[in-house]
Amino acid sequence: MVKRGGRAELACHKLIMVGSGAVGKSALTLQYMYGEFVEEYDPTKADSYRKKVVLDGEECQVDILDTAGQEEYSAIRDNYYRSGEGFLCCFSLTDAASFAETAEFRDQILRVLGDNNTPFLLIGNKSDCVDSRQVSYEEARAQAEAWQCAYVETSAKTAENVNVVFDQMMRMVRERKRTARDRRGEAGAAGGAGGHASAADDGSKNAAGGRRDDQGKSRGQKKGFKCVIL
Ligand SMILES: Nc1nc2c(ncn2[C@@H]2O[C@H](COP(=O)(O)OP(=O)(O)OP(=O)(O)O)[C@@H](O)[C@H]2O)c(=O)[nH]1
Ligand SMILES: [Mg+2]
């Protein structure tokens, strides 16, 4: 909780789901948000979600932008990435091509943000599909080591490690903000962070992806955002 203008406001951590199509970004997001697994594949354009969570005993908000993995939407990714504070880079353990493609997503994030220290997690999803695995733990782990990031295997179906990856990412984002704040020597300073969502605070989905594409802007650029930097 941070005081801003005498009012206590919740910290808000802005996370972005990235990765190729059909790797399970939406399924992971929906499992985390609502505790449900969605069997159908409905390709995403862009959806945002927000909910209040308790992280290490402290209430905060998490704002998740679920992006499109399909190649046809690749041109609009830059705008989305600018509003991100932490990136969950997903591939499917049953799809070697999606693993190879994580390098392109990482390059694009680094290029757009121009910052090697942006919180980034490599996630191998569909760990429940043991018989159709195409990417070994060792292989993915080696990639993560080369990138100096953590690697976690998840299943949106069984919920294995789903809370773990979101909590871990929020901690990384929180830590980064604290370090930045300490460096600035402005304890408690509020930042107009420019958010990436206008989703409701009740854990609901903001079905606004299309509008943003029409205007060629991210939601953070369009709207004032209540987040504060911790
Ligand atoms: N068995 C299994 N299936 C999964 C898992 N995660 C996702 N799926 C399935 O994989 C398909 C694609 O999942 P989505 O979450 O829609 O994939 P996405 O990455 O959001 O795809 P785009 O929106 O096109 O980028 C769906 O049929 C899901 O039910 C998982 O952990 N295990
Ligand atoms: Mg999706």
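Identification of the protein as small monomeric GTPase from Thamnocephalis sphaerospora is taken from an unreviewed UniProt entry.

Trainee: Can you break down the overall build of the protein residue by residue, with the values?
Mentor: Along the backbone of the protein there are seven helices and nine strands. The buried share of the protein, taken over its 230 residues, is 42%. The long-range share in the protein, meaning contacts at least 24 apart out of those at least 6 apart in sequence, stands at 74%.

Trainee: Run through the pairing of strand β6 (residues 86–92), naming residues and quoting values.
Mentor: Most of β6 sits out of view: seven of its seven residues are buried. Side chains Gly 86, Leu 88, Cys 90 and Ser 92 of β6 all project onto a buried face; the interleaved residues Phe 87, Cys 89 and Phe 91 project onto the opposite face, where all are buried too. Here strand β3 (residues 12–19) runs beside β6; their pairing, made up of five bridges, is parallel. Paired with Ile 16 across the strands is Phe 87, a residue of β6. Inspection of the sheet shows β6 paired to strand β7 (residues 120–125) by six bridges, in the parallel sense. Its bridge partner being in β7, Phe 87 is matched across the sheet by Phe 120. The parallel pair β6 and β7 is bridged by helix α3 (residues 96–113), and the resulting crossover is right-handed.

Trainee: I'd like a description of unusual backbone geometry, backed by residues and values.
Mentor: Peptide bonds are trans in most cases, and residues, glycine excluded, mostly fall at negative phi. Backbone geometry at Asp 56 places phi at a positive 50°, although glycine is not the residue there. Note on placement: Asp 56 falls in the loop between β4 (46–55) and β5 (58–67). In the Ramachandran plot, Gln 148 falls in the positive-phi region, its phi being about 55° despite a non-glycine side chain. Locating Gln 148 in the fold gives a position in the loop between α4 (137–147) and β8 (150–154).

The rules we used
Residues numbered from 1 in each chain as written. Chains lettered and ligands numbered in written order. Predicted model: local features only at pLDDT ≥ 70, side-chain atom pairs only at ≥ 80, totals over all residues. Helix = DSSP H or I, 4+ residues; strand = E, 2+ residues; numbered from the N terminus. Buried ≥ 20, exposed ≤ 12 C-beta atoms within 10 Å, placed from the backbone. Contact = placed C-beta atoms within 7 Å. Pairing = 2+ DSSP bridges. Right-handed = clockwise from strand over helix to strand, strands pointing away.

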